[in-house]
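Letter by letter, the chains look like this.
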Amino acid sequence: MDGLLRDNKTMLKRHGEKLPVVSLLRSKSVSKTWKATIESPSFKQRQLLITLRKSRGPDILYVTGFGNEEEILEEGNIMVGSCEIRSLKFPTRSDKVCYGACDGLVCLFSNRNPSVVFNPATRWRRSFPHSRVQPRIISKKRVCHTREPQLGFGKDKVRGTYKPVWLFNSSEFGLDNATTCEVFDFTTNAWRYVLPASPYRILEGQKPVYFDGSLYWLTECVETKLLSFDLHTETFQVICNAPFSHVPDPRLLVLCILDNRLCVSLKIYPTTTQVIRSLDGTWKQMCSIDLTKTTFHDLPYFPRPALLPIAIVDETILLLGYSCGSPLVIHDLHTKSYVFDSFPKMLEYPLCYFPKRLFIAFIDILFMLYIFYYGS
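Residues numbered from 1 in each chain as written. Predicted model: local features only at pLDDT ≥ 70, side-chain atom pairs only at ≥ 80, totals over all residues. Heavy atoms only, no water.

As annotated in an unreviewed UniProt entry, the protein chain carries the name F-box associated beta-propeller type 1 domain-containing protein and comes from Brassica carinata.

Structure below.
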């Protein structure tokens, strides 16, 4: 048996990243060498990259909290091509969701209740307290057109740590600087200020987007800019101008991730078109959405927010939706057709999710052999 374990150390390094989470957790008991390999940052990074590169794209989770301490509930699911779309209710009173999932982690936050990070696959959770700005949000009597700041959540790729981040315009809360930034440290269970914060105000109410080690916002400048926050160095940088001129209504502009690229989508009001452009060195137009063929109709003199691009599935299917609730819009990029689905049934926020789908029996068998010979 010892020879079998030694002979398969190379196999673990070469192919272990492809194993499902359950098998990897079990295989940590096989030997100290296997445990150290599986827990190493380089192994985890390779496992994530392989997951992201698989031909089948992400699944979609429609997420909401439901206010008690029970298990995560699954309300239903549908299939669109090879993509499974599920509706999940998390046991938390937090009523807002950060954009996207980071390494399979979903972050829900609230201005009145503790925020929570969940792993839907393992049911692991971790709560964290309010930042210093959140009591100001609750107590401040704010004008109706001012929208609440949104929490960002991402990963420091160098240290492998996860960071919730608040970036908000300061003047609305009686502060002097252009913006204020707070980062949560899970090791100390406390928030800390980042200085200097962004020198540019950000578009109010927008969800920051995590991509490749940084969080991104769009600024409130005359010429709208793309602003990044490196989660390792904790520094702000203007990447480039947005591909559109100044937008008077921030609800018409959406940052998103499609096909593993950072994208900006603009609803061109009062026309009936929404354009999506991706950043690949320069901004390139990805597609144009004909809003007359969707259920997305404007009220007189009151434009609705832009549709949220959710994901591209099987290279040709663009999934669109509202930032909270139905309907799901299925747009075929080749045929230019549109199909609608009433899923989800509740007011829930959609996000991409990369589950571990490869089920390789070898590690499970090896684990059982190990238990048989050496005991638990």
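(A) View of the overall build of the protein chain. Along its length, the protein chain carries seven helices and 24 strands. Classification of the 376 residues of the protein chain by burial places 49% in the buried group. For the protein chain, restricting intrachain contacts to residue pairs at least 6 apart in sequence, the fraction spanning at least 24 positions comes to 52%. For the protein chain, the computed accessible surface area is about 18400 Å², with 54% contributed by carbon and sulfur atoms. (Helix = DSSP H or I, 4+ residues; strand = E, 2+ residues; numbered from the N terminus. Buried < 20%, exposed > 50% of the residue type's maximum accessible area, 1.4 Å probe, protein only. Contact = heavy atoms within 4.5 Å. Areas by Shrake-Rupley, 256 points an atom, 1.4 Å probe, with all protein chains shown as cover.)

(B) Structural view of the sheet that holds strand β2 (residues 73-80). Within the open sheet, the four strands sit side by side as β2-β3-β1-β24. Their pairing is mixed. Strands with a single pairing partner mark the edges of an open sheet, and in this sheet they are β2 and β24 (349-353). Strand-to-strand twist across the sheet, computed as the mean angle between neighbouring axes with direction ignored, equals 25°. By the bridge criterion, six bridges tie strand β1 (residues 59-65) to strand β3 (residues 83-90) in an arrangement that is parallel. Among the inter-strand pairings, I60 is bridged to a residue of β3, identified as I85. (Pairing = 2+ DSSP bridges. Axes fitted to C-alpha atoms, helices over the stretch in contact; angles between N-to-C directions.)

(C) Representation of the nonpolar core within the structure. Ranked by internal contacts, the top residues of the largest apolar core, which has 47 residues, are V63, F90, V106, L253, L255 and L318. Residue contributions to this core peak at six residues, all from strand β16 (residues 253-258). Non-local contacts of F90, meaning those with residues more than four positions away in its chain, are made with V63, T64, G65, F66, G67, I72, V106, L108, F118 and P120. Formed by 31 residues, the second largest nonpolar core is a distinct cluster that contains L151, F153, V165 and F236. (Core = buried A, V, L, I, M, F, W, Y, C linked by side-chain atoms within 4.5 Å.)

(D) Just the pairing of β16, in detail. Burial runs high along β16: six of the six residues are buried. Burial along β16 is two-sided: the residues L253, L255 and I257 and V254, C256 and L258 are all buried. Looking at chain direction, β16 and strand β17 (residues 261-268) are connected through six bridges and run antiparallel. Within β17, the residue paired with I257 across the bridge is L262. Remark: two residues form the turn of the hairpin made by β16 and β17, two consecutive strands paired antiparallel; D259 in that turn has positive phi of roughly 55°.

(E) Quick peek at the environment of F229. Looking at the element boundaries, F229 is found in strand β14 (residues 225-230). Looking at F229, the relative accessible area reads 0%, which means it is buried. Sequence spacing of F229 and G213 is 16 residues, and the spatial spacing of their C-alpha atoms is 8.7 Å. Those residues in contact with F229 that sit more than four places away from it in its chain are V165, C181, V183, V194, G213, S214, L215, W217, E234, T235 and F236.

(F) Seen up close, the pattern of salt bridges. Applying the stated criterion across every chain yields a total of 14 salt bridges. Of the charged contacts, one joins K96 and E148 as a salt bridge, the two residues approaching to 3.6 Å between their closest N and O atoms. Of this pair, K96 sits in strand β4 (residues 96-97) while E148 sits in the loop between α6 (134-139) and β8 (152-156), placing them 52 residues apart in sequence. The partner of R201 in a salt bridge is E220, and the shortest N-O contact between them spans 2.7 Å. (Salt bridge = Lys/Arg side-chain N within 4 Å of Asp/Glu carboxyl O.)

(G) Summary view of the sheet that holds β14. An order of β12-β13-β14-β15 is seen for the four strands of this open sheet, with the pairing classed as antiparallel. Each having just a single partner strand, β12 (209-211) and β15 (235-241) make up the two edges of the open sheet. Averaged over all pairs of adjacent strands, the angle between their axes in this sheet comes to 30°, without regard to strand direction. Summarising the sheet, β12 and strand β13 (residues 214-218) pair through three bridges and their orientation is antiparallel. Across the sheet, the residue bridging to F211 is S214, located in β13.

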